[in-house]
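Okay, here's what each chain looks like letter by letter:
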Amino acid sequence: MKAWNKLLLTTTAVTLLALPLSASALSSVNATGPVPTAKVIENKKDQAEQAATKGLLEEIKHTKTGSQVLVKGEGVRPVDQDTIILNINSSVPVVDQHGKPADLVEALQQEWTVTAYYNPAITKSLPAKGNAEKFVVERPEVKAMVSTGIVDSTGKDRVVMVGDSKIVLNLSEDTVITDKNGKVLKQSDLKAGQRIEAHYGPMMTASLPPISPAQKIVVLGETSRVEGVVAKDMSKDAKSIHIDTAGDKKMENDMILHINEDTSIINIVGTPVKPEEIKKGTKVAAYHSLATTFSIPAQSSAYVIVVLPEPVK
């Protein structure tokens with residue numbers, strides 16, 4: 001009689017393990033019985049981290065009872081599925097690799113790699129079915145453009161920078177602003193005349209000047225600004241520019257700015273200007289180093305020279 005009872009119990013257990021789990025039974029199995037493909041994990045967060053499939057979304061299907069996605073790739077652990085169908089609902093988080101909101105439809109269309117985390121209690125069907133707990137979409141990293149220039153002006157949530165060109169940088173709560181030592185600054189700390197390193201893009205308008213969202217701004221230091229007229233014609237290989245700041249031809253209030261390979265020469269819309277195009281009497285505004293000689297005229301190193309338009313007569 002005891003042998004018969006033992007055989008009966010064994011047969012019943014095998015039969016139960018062979019039955020596929022319905023969607024409604026998935027959550028209850030984890031609490032009351034064995035998990036077909038993974039051990040029972042007490043912490044729900046650990047479940048999502050340990051049962052996962054990494055690959056591509058092959059299909060997103062919407063039904064009357066909800067939505068399902070088909071994921072094909074490779075199980076994160078040896079016991080995890082290479083192919084799985086997951087039930088999803090609006091409460092399932094979908095984020096990118098940086099934790100920002102993402103979209104499964106976009107991931108499907110762009111063929112981006114997705115890691116699907118799910119409850120280990122899944123069916124024994126082929127492919128297996130289960131309940132999704134989280135999706136992490138690997139968006140391609142887009143490198144920002146980086147330029148060094150001078151803050152020409154500031155406004156509400158924007159900075160106009162002049163350098164190799166002129167660009168309007170839109171600031172947002174996501175824009176990181178620091179000094180050169182990494183100290184975090186506020187938007188209000190940005191001032192005209194500061195030398196900055198700007199990380200921006202990848203989107204940029206075709207306007208003049210172009211407009212682009214700023215990802216990061218590093219304040220490198222202060223500069224000094226001088227404005228006046230050019231005292232003499234410049235040549236193609238000019239190493240300096242002589243600026244008559246008062247227009248009175250007196251050397252004591254003039255400024256000689258040295259030009260090097262890092263000096264930018266542009267017009268007011270940001271288009272590059274060749275040195276030989278600058279003639280005597282041309283009006284310019286220039287940003288230069290705070291380090292200035294005590295000579296007459298004073299001398300310094302130019303960062304940016306902006307050729308200003310001729311006044312309307």
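Basis of the calculations
- Residues numbered from 1 in each chain as written.
- Predicted model: local features only at pLDDT ≥ 70, side-chain atom pairs only at ≥ 80, totals over all residues.
- Heavy atoms only, no water.
- Helix = DSSP H or I, 4+ residues; strand = E, 2+ residues; numbered from the N terminus.
- Buried < 20%, exposed > 50% of the residue type's maximum accessible area, 1.4 Å probe, protein only.
- Contact = heavy atoms within 4.5 Å.
- Areas by Shrake-Rupley, 256 points an atom, 1.4 Å probe, with all protein chains shown as cover.
- pLDDT = per-residue confidence, 0-100.
- 1 Å grid on protein atoms, 1.4 Å probe; cavity = no way out; pocket = protein on both sides within 12 Å on 5 of 7 lines; lining within 4 Å.
- Points joined across faces, edges and corners; volume = space filled by probe spheres on them.
- Nonpolar A, V, L, I, M, F, W, Y, C, P; charged D, E, K, R; others polar.
- Pairing = 2+ DSSP bridges.
- Salt bridge = Lys/Arg side-chain N within 4 Å of Asp/Glu carboxyl O.
- Core = buried A, V, L, I, M, F, W, Y, C linked by side-chain atoms within 4.5 Å.

**Notes on the overall build of the chain**
When helices and strands are tallied, the chain shows 4 helices and 18 strands. By the burial criterion, 38% of the 313 residues in the chain qualify as buried. Relative to all contacts within the chain whose residues are 6 or more apart in sequence, the contacts with residues 24 or more apart total 60%. For the chain, the accessible area works out to roughly 18,600 Å², and carbon and sulfur atoms hold 55% of it.

**Quick word on the confidence of the model for the chain**
A residue-level look at the chain finds 83% of positions with pLDDT of 70 or above and a mean pLDDT of 84. For the stretch residues 1-48, pLDDT sits under 50, and the model shows 46 contacts to residues farther than four places along the chain or on other chains.

**Quick word on the layout of surface pockets**
Taken as a whole, the largest pocket holds about 590 Å³ of empty space. K100, V142, G201, P202 and Q215 are the residues nearest the centre of the largest pocket, which is lined by 21 residues in total. Across the lining of the largest pocket, the residue classes tally to 8 nonpolar, 7 polar and 6 charged.

**Comments concerning the pairing of strand β14 (residues 240-244)**
Within β14, 4 of the 5 residues are buried, which leaves it mostly tucked inside the rest of the structure. Pairing analysis gives 2 bridges linking strand β13 (residues 224-230) to β14, with the strands arranged antiparallel. Pairing of V229 across the sheet is with D244, part of β14. Across 5 bridges, the pairing between β14 and strand β15 (residues 254-258) is antiparallel. Each residue of the ladder has a partner; that of I243, found in β15, is M255.

**What about the pattern of salt bridges?**
All told, the structure shown has 5 salt bridges when counted by the stated rule. Residue R225 is joined to E227 by a salt bridge in which the shortest nitrogen-to-oxygen separation is 3.0 Å. Take R225: its relative accessible area is 46%, and that puts it in the partly exposed class. A residue is classified by how much of its surface remains accessible, and E227, at 31% relative accessible area, is partly exposed. Among the ionic pairs, K283 bridges to E227, the shortest N-O distance being 3.6 Å. With K283 in strand β17 (residues 283-288) and E227 in strand β13, this pair connects stretches of sequence that are 56 residues apart. Through salt bridges with shared partners, one network takes in R225, E227 and K283.

**Looking at the nonpolar core**
Grouped together as the largest cluster of nonpolar side chains are 22 residues, with contacts concentrated most on L57, V69, I84, L86, L104, F135 and V137. Counting residues per element, the ones that place at least two in this core are β1 (52-63), β2 (66-75), β3 (83-88), α4 (104-110), β5 (114-118) and β6 (128-137). Ranked by the residues each element gives to this core, the list is headed by β6, at 4 residues. With near-sequence residues (within four places) excluded, L86 lies in contact with S67, Q68, V69, A116, Y118, G130, N131, A132 and F135. Core analysis: the next-biggest nonpolar cluster, separate from the first, contains 18 residues, I265, I278, A286 and A298 among them.

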